Structure formats: C-alpha cells, structure tokens
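# Per-entry structural report
The residues making up each chain are set out below.
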Amino acid sequence: MTRIFDSAHVRRAFSRASATYAGAAALQREIEAQLLESLDYLDDRVPAVVLDVGSGPAHAALAMRARWPKARIVALDLALPMLRQAPVRSSWGVLEKIGLQRPVDRVCADLRALPLADNSVDVLVSNLCLQWVEDLPAAFAGFRRVLKPDGLLLVSTFGPQTLIELRESFGHADDTPHVSPFVSIGEFGDALMRAGFRNPVLDRDVAVHWHPDMASLMREQRAIGATNALATRRRALTGRARFAAAAAHYEQFRTADGLPASWEWITAMAWSPAHGAPIRDGGEELARFDAGAIPVRRRGGA
C-alpha cells in the first residue's frame, strides 16, 4: 500500500503537543463524549479489560475507570509524552489501597501492531486517531483480533468535509497538499464490514468553528498535534508568501462570526463476531478460528 502518512512525524507532532493538548482539544472531548454514551449498550455487562487506542492523555480511559472501578483499563498511544500527561491514578487513594480502584495501565505502541493477545479485550474505544492510518481495513482487523467474541467497538474519525476551507485555500497557493485526506462514512462502514464486525451503527455530524484569522486556526491545530503529516508534504517551512496567499484566499469565507473551519466526524459502534465469522479480503472470505476451541481426539497408546 502507498504510504500516505509519515508515522514518525505523527509521533513527533503529538509528542510536542502533549503539554497543550488537553487545553485545546474541546472538539475531541465532545466527540469522545458521544462515543462514551454508547457504553450504555452493554447494559449490565461489566468488562474485564478495556482498551483506549490513541488515548492521548487518557481522558476517556479515566472516564471508563470511574465507570468500572474493578476493570483493567489500558491507555495505548503512539506518543510517550502524551501518556506521561495521563494521571494514571484517581484521587481515590484509599479505595486503591483496599483493591477497589485499579490504576490505568499505559502502553506506548502503534495501533497498526497492537501488542495484545488475541481475544483479550472486552471493550475497545478509539477516538479520532484512525484518520492517521492509511490501511483502515488492516487497523480494524487488528481491533477484531484483540477483541473477544461479542466485544464492543466504539470508534470515530474525521470525514472529508473537515477543514475544507483550509484545504481549498492552501490549494490555491501551493500544489503540495497541506490537509490530510479523510474517508467518507461509506468507506468507513465498508472497512468495518470487511473486517467482519457485525451490526455496525454509524453516525455523521458536521460543525463549524470560527476563528479571527487563519493563523489562529493553525495555532490551534499545532496545540493538539494535528500538523501536516503527509508523506508527500513539503519538508521546508511554508514560505511567508505561500502562507499569505492562502490566508488571502481564506478571507472570501469570512462572515460576521469570523473565518469558518468546518469539521465533519464519523462515529461507529459495532460488535466483534464469533470465531469462524468470515472477513472479506480481495473478493475472498477468510475465517479465523480459536485453535484452543477446536476439539482434539486423542488415541490411546499401544
């Protein structure tokens, strides 16, 4: 597969943003809250292991820790400085001492190669990190691998209308892309189905945020680590003339509220299938089985 993103740059950008992320990630928190509302579909089920993929400073992980005090909660992120921002223990120190409150475990790893055993996770949540992965079906296949049968998957990503004004403005000033490509809701749902997830439910939302100028929008993006990580990006700094040309083009979108920045996001809920359920791959259907669940007939010795 053609490499779209520079994963080393993604790691560096989010590492640099670790100290400013929590204060600037208002939209990320809003979308996270939407995902966490879907935990109610578990009804009375209490998970043993919960995984927060692309956790950042582990805000969602800590919310799930409060919901399930005895569960093992794992926060996994590509950027180690992000994980170091996470307060892995709550203020309930007394409860922790008597075993009623476990700390959040932190794991620095790439979601494309999850370092977890097969069938080891009951709930997997991933908020706004899949847009940095070019092979979405492979990422979902990895999620399916670690989830137990009938495990709950809650994920989100940005859609193609995200930052469309910024994309157009830089396209007017520069032939080099400055804004990442984003999948449509149809592509996102198809990738879930190809990985074998069942009963997917997808939602799409659009919002517009307002900024006094393009520079303030760019500063906000740097504060959350969302910089240009395209493998084909220009490696030198954006020149003053190109930035000025993009900013001048952006001005055509100005209203009384300021400059608009459009955001489209997709949320999805799905359930991992039973062992043996097929995965569509290149027109073929592949099935995985738990080797431990296959009965073995042993013959007696002579």
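The present account deals with the structure reproduced in this document. (Residues numbered from 1 in each chain as written. Predicted model: local features only at pLDDT ≥ 70, side-chain atom pairs only at ≥ 80, totals over all residues. Heavy atoms only, no water.)

## Details of the pairing of strand β4 (residues 121-126)
With 6 of 6 residues buried, β4 lies mostly within the body of the structure. Strand direction decides the pairing type here: strand β1 (residues 49-53) and β4, joined by 4 bridges, are parallel. Opposite aspartate 52, over in β4, you have valine 125 as the bridge partner. As paired strands, β4 and strand β5 (residues 147-158) are joined by 5 bridges and run parallel to one another. What sits directly across from valine 121, in β5, is leucine 147. Following the chain from β4 across helix α7 (residues 136-146) to the adjacent parallel β5, one finds a crossover that is right-handed. (Buried < 20%, exposed > 50% of the residue type's maximum accessible area, 1.4 Å probe, protein only. Helix = DSSP H or I, 4+ residues; strand = E, 2+ residues; numbered from the N terminus. Pairing = 2+ DSSP bridges. Right-handed = clockwise from strand over helix to strand, strands pointing away.)

## Things to note about the environment of alanine 19
Note that alanine 19 resides in the loop between α1 (7-16) and α2 (21-24). Since its relative accessible area comes to 63%, alanine 19 is described here as exposed. On a C-alpha basis, the gap between alanine 19 and isoleucine 224 in space is 9.1 Å, while along the polypeptide they are 205 residues apart.

## Notes on the layout of surface pockets
Taken as a whole, the second largest pocket encloses approximately 250 Å³ of empty space. Around the second largest pocket, the lining is made up of 18 residues, and of these Val133, Glu134, Leu136, Phe182 and Val183 lie nearest the centre. Counting residues per element, the ones that place at least two in the lining of the second largest pocket are α7, β5 and α9 (185-194). Top contributing element to the lining of the second largest pocket by residue count: α9, with 3 residues. (1 Å grid on protein atoms, 1.4 Å probe; cavity = no way out; pocket = protein on both sides within 12 Å on 5 of 7 lines; lining within 4 Å. Points joined across faces, edges and corners; volume = space filled by probe spheres on them.)

## Examining the nonpolar core
Core analysis: the biggest nonpolar cluster contains 30 residues, and Leu111, Leu124, Leu130, Phe140, Phe143, Leu153 and Phe197 have the highest contact counts within it. Put simply, the parts of the chain that give this core at least two residues each are β1, β2 (72-77), β4, α7, β5, α9 and β7 (259-271). Among the elements that take part in this core, α7 stands out by supplying 5 residues, more than any other. Among residues more than four places away in sequence, those in contact with phenylalanine 143 are Val53, Leu111, Leu114, Leu124, Ser126, Leu130, Leu153, Val155 and Phe197. Of all hydrophobic cores here, the second largest spans 22 residues; its members include Val50, Trp68, Ile73 and Ala75. (Core = buried A, V, L, I, M, F, W, Y, C linked by side-chain atoms within 4.5 Å. Contact = heavy atoms within 4.5 Å.)

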